[in-house]
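A look at the structure
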Amino acid sequence: MTTTIRTLDPAEVETAVDWAAREGWNPGLADASAFLAQDKAAFRGLFRDGALAAIISATTYQELFTFVGFYICRPDLRGQGLGLALWQDTFNGLKGTVGLDGVVAQQDNYARSGFVLAHRNIRYGGKAPAGASDPRVVDIAPNHMDGVAAMDAACFGFARPDFLKAWLAPPFGHACAFVAEGAVKGYGVIRRCREGHKIGPLFADDAEAAAALFGTLVATAQGGPVFLDVPEPHAAARALAEGAGLAPVFETARMYRGPAPELPLGRIFGITSFELG
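So, a few notes on the structure that sits alongside this text. (Residues numbered from 1 in each chain as written. Predicted model: local features only at pLDDT ≥ 70, side-chain atom pairs only at ≥ 80, totals over all residues. Heavy atoms only, no water.)

**As for the side chain of Arg-191**
As a reminder of what qualifies: To qualify as a helix, a DSSP run of H or I must reach at least 4 residues; to qualify as a strand, a run of E must reach at least 2; elements of each kind are numbered from the N terminus. In what follows, residue pairs with any heavy atoms lying within 4.5 Å of each other are defined as contacts.
Inspection of the secondary structure assignment puts Arg-191 in strand S9 (residues 183–192). Ignoring any residue separated from it by four or fewer positions in sequence, one finds Arg-191 in contact with Gly-28, Asp-31, Trp-167, Pro-170, Phe-172, Gly-173, Gly-196, His-197, Lys-198, Gly-200, Thr-272 and Ser-273.

Here it is, written out as structure tokens:
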């Protein structure tokens, strides 16, 4: 048997997204194109005798930070060290800080690889009522982009303009900003997923702006289930989700190897995704 490790081509990336769906991670219908806009070499695979056996994504930002996701070995090949081989080969090429959202079952393994817990993230899900129309919530126009990009860089920790350009124009979703006194005070994106819709990110200066954005985005789901991934330490974000009738359905541990970015959790009402941070 022969094994090779290489970057996945676009068709193979779609296969990786299908694997994530099979694991119950509920990826967005158009996530892959936005991931590749940020880093064309983000997705890697280990092939056994020419067949895809294990996958991982390692999305790099400004050559200073990498976020890892999509770490999956094909179920029939687990327990043979293939996933670990891909993990080790991938990490040999990474520089700077590395982050991930670890599922509960893997958190001890990540700790043994040098990752340190920063905080928990909780996925809330369910059906939520649309909010009242707020004139301060508007479609994102070109004159809002500098403000949106600045808020995104502050809340994510790094600028990601190529990703943001794709993420703000979801083919199955909607993006909007909260604008007051001529300034962007928050923005959010909702996108169609294999099940329902996910809102992420939801960044805002305060709970009022976050609630107005959330209510507008929920209306896009047309009564279907919505999911919001919330940093557990942010009480106002949890209150927003719970007040809308959403309940915890899943959790991860945000972990970092290397210096953790100093994120303003008080402005993060919903993270972008468990695969990108």
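**Structural notes on helix H7 (residues 207–220)**
Convention followed: Given a helix with a known number of residues, its expected span is that number minus one, times 1.5 Å. Think of it in three bands: residues with accessible area under 20% of the maximum for their type are buried, residues over 50% are exposed, and the middle band is partly exposed, with areas taken using a 1.4 Å probe on protein chains only.
Over its 14 residues, H7 runs 20 Å from end to end, which matches the ideal 20 Å to within 8%, given 1.5 Å per residue. Those residues of H7 that fall on the buried side of the exposure criterion are Ala-209, Ala-210, Ala-212, Leu-213, Phe-214, Gly-215, Leu-217 and Val-218. Gln-222, located one to two residues past H7, shows a positive phi value of around 55°.

**Description of the layout of surface pockets**
Condition: Both cavities and pockets are sets of points on a 1 Å grid over the protein atoms alone; in a cavity a 1.4 Å probe fits but cannot get out, in a pocket the set is open with protein on both sides within 12 Å along at least five of seven lines, and lining residues sit with an atom within 4 Å of a point. Grid points are joined across faces, edges and corners, and a volume is the space filled by probe spheres set on the points. Asp, Glu, Lys and Arg are counted as charged, while Ala, Val, Leu, Ile, Met, Phe, Trp, Tyr, Cys and Pro are counted as nonpolar; the rest, among them Gly, fall into the polar class.
Estimated volume of the largest pocket: approximately 700 Å³. Taken together, 31 residues form the lining of the largest pocket, with Tyr-71, Ile-72, Val-103, Gln-106 and Tyr-110 sitting closest to its centre. At the level of secondary structure, the elements contributing two or more residues to the lining of the largest pocket comprise strand S4 (65–73), helix H3 (82–91), strand S5 (97–103), helix H4 (107–112) and strand S12 (247–257). Sorting elements by how many residues they give to the lining of the largest pocket places S4 first, with six residues. Split by residue class, the lining of the largest pocket holds 15 nonpolar, 11 polar and five charged.

**Some points on the pairing of strand S2 (residues 43–48)**
To be explicit about the condition: Only strands that DSSP links by at least two bridges are regarded as paired with each other.
Most of S2 sits inside the fold, with six of its six residues counted as buried. Sheet topology places strand S1 (residues 3–7) next to S2; five bridges connect them, and they run antiparallel. By the bridge assignment, Thr-4 is partnered in S2 with Phe-47. Pairing geometry for S2 and strand S3 (residues 51–61), over six bridges, is antiparallel. Along S3, the bridge assignment pairs Phe-43 with Ser-57. Adjacent in sequence and paired antiparallel, S2 and S3 are bridged by two residues, among which Asp-49 carries a positive phi angle near 50°.

**Quick notes on the nonpolar core**
Using the following cut-off: Each nonpolar core is a collection of buried residues, namely Ala, Val, Leu, Ile, Met, Phe, Trp, Tyr and Cys, held together in the definition by side-chain atoms within 4.5 Å.
Counting 42 residues, the largest nonpolar core has Leu-8, Phe-43 and Tyr-187 as its most contacted members. If you tally residues by element for this core, the top one is helix H1 (residues 10–22), at five residues. Apart from the residues lying within four places of it in its own chain, the contact partners of Leu-8 are Val-13, Ala-16, Phe-43, Arg-44, Gly-45, Phe-47, Leu-52 and Ile-55. In terms of nonpolar packing, the next biggest core, distinct from the first, is built from 28 residues, Cys-176, Phe-214, Val-226 and Leu-240 among them.

**Comments concerning H3**
Heads up, the condition is: Directions pointing from the helix axis toward each C-beta atom define the arc.
Inspection of H3 places Leu-82, Gly-83, Leu-86, Trp-87, Thr-90 and Phe-91 among the buried residues, and these make up the whole buried set. Down the axis, H3 shows its buried residues gathered within 160° of arc, on one side only.

**Things to note about the pattern of salt bridges**
In plain terms, the rule: Salt bridges are defined by distance alone: a side-chain nitrogen of Lys or Arg within 4 Å of a carboxyl oxygen of Asp or Glu.
Taken as a whole, this structure holds 13 salt bridges when the rule is applied. Two residues, Arg-6 and Glu-12, come together in a salt bridge whose shortest N-O distance is 2.7 Å. When the shortest N-O distance is used, the salt bridge between Glu-23 and Arg-78 registers 2.8 Å. A residue pair is termed long-range when its members are at least 10 positions apart, and Glu-23 in the loop between H1 and helix H2 (31–38) and Arg-78 in the loop between S4 and H3 qualify at 55 residues. Salt bridges sharing common partners tie together Asp-134, Arg-136 and Glu-208.

Scope: geometric values only; no functional claims are made or implied.
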